[in-house]
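Chain residues, written in single-letter form:
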Amino acid sequence: LLLNPFDAKAAEKSYLKTIEIMDEIHVTRAKAESYMGLALVYSRMGNIEKARSYAELGLYETERVQDTWVSALLLTTFTKICLENQQLAEALQFAKRAKESFILCKDQYGQMVAYFWLSYIYFLQDKKQLFTEANQQFIELCLNNQYDFFLQKVTLLGPRNLLIFQQLYNYQLA
């Protein structure tokens, strides 16, 4: 999906093949990451039902084995799916859960991503105070950990359109 963002079909094929291999060797837990990838692929293709279904499968697998970190990745995936389909209230709930899970895991990159999505949601909702608080956390984590690549390149859990950062910057200044 990152190697060729315009060829979602190739990504879909790769993720499905990985799941097929995992089934052949009877490993269910490792399928969660492929489910997450498929969820992002189908969301990008506009098939929200399939996207949510695969994200739910992945979240089921990770919660079953109490894998908080991969669950947090899947909650972030749900956040993106909801945002790409204008479901702000639901996206907000998933982003909050992802943030809390990343905090539990002490994953600062994940926290930064979650704070980014929270700030973006608050921007879309025109909730300036909440936006400012979340955006400050996002910027601090980004700069303190040298995650500036998140601002410069498309990442799996980041925005597809990097111009979003300019919108957020302008909103912060207004």
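As the structure is a computational prediction, the values presented were derived from the model and not from experiment. (Residues numbered from 1 in each chain as written. Predicted model: local features only at pLDDT ≥ 70, side-chain atom pairs only at ≥ 80, totals over all residues. Heavy atoms only, no water.)

Please provide a residue-by-residue account of the packing of aromatic side chains, values included.
Under the defined criterion, the tally for this structure stands at 19 aromatic pairs. When the ring of Y109 is compared with that of Y147, the centres are 5.2 Å apart and the planes differ by 85°; the resulting orientation is edge-to-face. Pair noted here: Y109 is in helix α6 (residues 108-124) and Y147 is in the loop between α7 (128-144) and α8 (149-152), with a separation of 38 residues, a long-range link. Pairing F131 with Y171 gives two aromatic rings, centres 4.8 Å apart and planes at 80°, and the pair type is edge-to-face. Within this pair, whereas F131 is found in helix α7, its partner Y171 is found in helix α9 (residues 164-173), the two being separated by 40 residues in sequence. Y171 shares its class with F131; the two are buried. Taken together, the ring pairs connect Y109, F116, W117, Y120, F123, F131, F138, Y147, F149, F150, F165 and Y171 into an aromatic cluster. Here the basic side chain of K128 rests over the ring of Y171, its NZ or CZ set 4.7 Å away from the ring centre. (Phe/Tyr/Trp six-rings, centres within 6.5 Å; stacked < 30°, edge-to-face > 60°. Helix = DSSP H or I, 4+ residues; strand = E, 2+ residues; numbered from the N terminus. Buried < 20%, exposed > 50% of the residue type's maximum accessible area, 1.4 Å probe, protein only. Lys NZ or Arg CZ within 6 Å of the ring centre and 35° of its normal.)

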